[in-house]
Amino acid sequence: MFEQPRSQSQSLAAFQYPDFALYQLARLFTVLATEMQSVAVGWQVFELTKSPLDLGFVGLAQFWPALVLFLPAGHAADRFNRRNIVTMCYAGLGAASTILFVLTLAGSPSKHAIYAALTLVGVVRAFNGAAGQSMVPQIVPEEYFPNAVAWAQTVFNTAVIVGPALGGFIYALFRGPAAVYLSSIIAAAISVIAVSRIRLNPAKREKEDVTLETIFAGFRFIWEKKLILGAISLDLFAVLLGGAVALLPVYAKDILHTGPWGLGLLRSAPAVGAVLMAVLLAHRPLKRHAGTTMLWAVAGFGVFTIVFGISRSLIVSLISLLLLGASDMVSVVIRSTLVQLSTPDEMRGRVSAVYSLFIGTSNEFGQFESGVTAQWFGTVPAVILGGVGTLVVIGLWAWWFPELRGVDRLAGGLEIEEHETP
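What you are looking at is a predicted structure, and each value in this text was computed from that prediction instead of being measured.

Peer 1: Can you help me understand the overall build of the chain in this one?
Peer 2: A count of helical and extended segments in the chain gives 17 helices and 2 strands. For the chain, with 422 residues in total, the buried portion stands at 59%. Long-range contacts, defined as pairs at least 24 residues apart, comprise 84% of the intrachain contacts of the chain with a sequence gap of at least 6. Accessible area for the chain stands at about 17,300 Å²; split by element, carbon and sulfur atoms hold 67% of it.

So this is what it looks like as structure tokens:
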């Protein structure tokens, strides 16, 4: 059974459960580690190669392991203790930072050595995505799950704000990435300690034999649940097309004419908007029309991507990225709540693995796509085309998945209105 909450504050309902607070502390330092590391890697690779395409390969190196491993990762999350898996994943992130630190101290590393270290990050993310997401319902009761999602995203994006800015500052202060990688190692160690102290609410899960049928059960479940399929595939294509973040080093250096500190601010801006929106949603949760709100929010993501693409002002670029992040946060809270509450616990690991592939790794593959299109068409046209593509996807998904428009209420259980396909 879940521990009784320590107070009755509805806006802080999820934090009344100590294990949720411990998990968010662990996530805070893990994301700080990865975001600081991302700034250092991006700047280091661009200084080594001067090629946007190589920035795309930074994303691809982290994407392909998740593509290969997401099925066994999901099965592991439904078969073994999810907390232990997450603990090992956080330790793996620390190991990747250690490799980058040692490579940098040894001299100017090749881009291929950096890609190899980032491949380990991709392996870790595959298992962490499945186990971490499916662990949350074992920490917080369903009635508080929308609140937990909002606060989890607040913690995540707070780290995304602080991490890049801190990474850029440390990089500039110590004139190189080594100190950034060392900081990431320390942050990862704190995460391991925090998550190892979590106690999960026991859930009855039957041990299934490992067969092709059980491994692919998550795919089958999502395919049959058109509501979930529409929600996660919408974000997949929106993020895939709108992956402007990969090109931020180019914008910072060649278009906005700033340095590592400016790159850190640009990387932090979407998270600032996301945090502000997440806090608002935690205090004032959505009451009605959740599905339609999600569609409009993703459309806003596309519009603000276009604005960023055409901007030549650092201020305008920061504002557009802030609004982009706020729009994305609305869809994240709705989508995450919808997926977890629509999935039985014995399937959550496998469904979360597919969800992580669609959502989490779409960022990395979106970076690769942005790098390729920037190489072909130029940096600015690549970002603008991505934003326009996102708007096209919104129109198609609103037509093909009327179930999305039918989602009305989330809190207290899903409430869905029927909508016919036009």
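Peer 1: In this structure, what is going on with the pattern of salt bridges? I would like to understand it.
Peer 2: Any two side chains of opposite charge can pair if their charged atoms end up close together. Taken as a whole and judged by the stated rule, the model has 2 salt bridges. Note that D78 is salt-bridged to R82, the shortest N-O span being 2.9 Å. By relative accessible area, R82 is classed as buried at 0%. Beyond isolated ion pairs, a larger network of salt bridges with shared partners links D78, R82 and R350.

Peer 1: I keep staring at the environment of G122 and nothing clicks. Help me out?
Peer 2: With respect to the element layout, G122 can be found in helix α4 (residues 111–135). Distance in space between the C-alpha atoms of G122 and F63 is 6.0 Å, their sequence separation being 59 residues. Here G122 is in contact with Q62, P65 and A66, once residues within four sequence places are set aside.

Peer 1: Any chance you could explain helix α13 (residues 314–341) here in plain terms?
Peer 2: Residue pairs three or four apart in sequence face the same way in an α-helix, which turns once every 3.6 residues. In this model α13 runs 40 Å from its N-terminal to its C-terminal C-alpha over 28 residues, within 8% of the 40 Å that 1.5 Å per residue would give. Counted residue by residue, α13 has 21 buried out of 28 residues, so it is predominantly covered. Two or three places before I315, at the start of α13, stands the capping residue S313, its side-chain oxygen 3.3 Å from that residue's backbone nitrogen.

Peer 1: How should the nonpolar core be read in this particular structure?
Peer 2: Nonpolar side chains tend to gather and get buried jointly when the protein is soluble and globular. Within the largest apolar cluster, 82 residues are counted, with the highest numbers of intra-cluster contacts made by F20, Y23 and V41. In terms of residues, this core owes the most to one element, helix α1 (residues 18–49), which gives 10 residues. If we ignore the near neighbours within four places in the chain, the residues touching F20 are A14, F15, I139, V140, A148, W151 and A152. Counting 34 residues, the second largest nonpolar core, distinct from the first, contains I232, L234, V298 and F401.

Criteria and cut-off values
Every chain is numbered independently, its residues counted from 1 as its sequence is written. Totals for whole chains, interfaces and linings use every residue, but because this is a predicted model, local features are given only for residues with pLDDT of at least 70 and side-chain atom pairs only at 80 or more, for both listing and counting. Excluding hydrogens and water, the side-chain values take into account all heavy atoms of the structure. Runs of H or I in DSSP of at least four residues are treated as helices and runs of E of at least two as strands, each being numbered from the N terminus. With a 1.4 Å probe rolled over the protein chains alone, any residue whose accessible area is under 20% of its type maximum counts as buried; one over 50% counts as exposed, and the rest are partly exposed. Residue contacts are counted whenever heavy atoms from the two residues lie within 4.5 Å of one another. Residue-level accessible areas treat just the shown protein chains as cover; the underlying method is Shrake-Rupley with a 1.4 Å probe. The salt bridge definition used is simple: a Lys or Arg side-chain nitrogen within 4 Å of an Asp or Glu carboxyl oxygen. Expected helix span is given by 1.5 Å per residue-to-residue step, counting one fewer step than there are residues. Pairs of N or O atoms within 3.5 Å make up the polar contacts considered here, provided that, within protein, one atom can donate a hydrogen while the other can accept it, and that residues adjacent in sequence are counted only when both atoms are side-chain atoms. We define a nonpolar core as any set of buried Ala, Val, Leu, Ile, Met, Phe, Trp, Tyr and Cys residues linked to one another through side-chain atoms lying within 4.5 Å.

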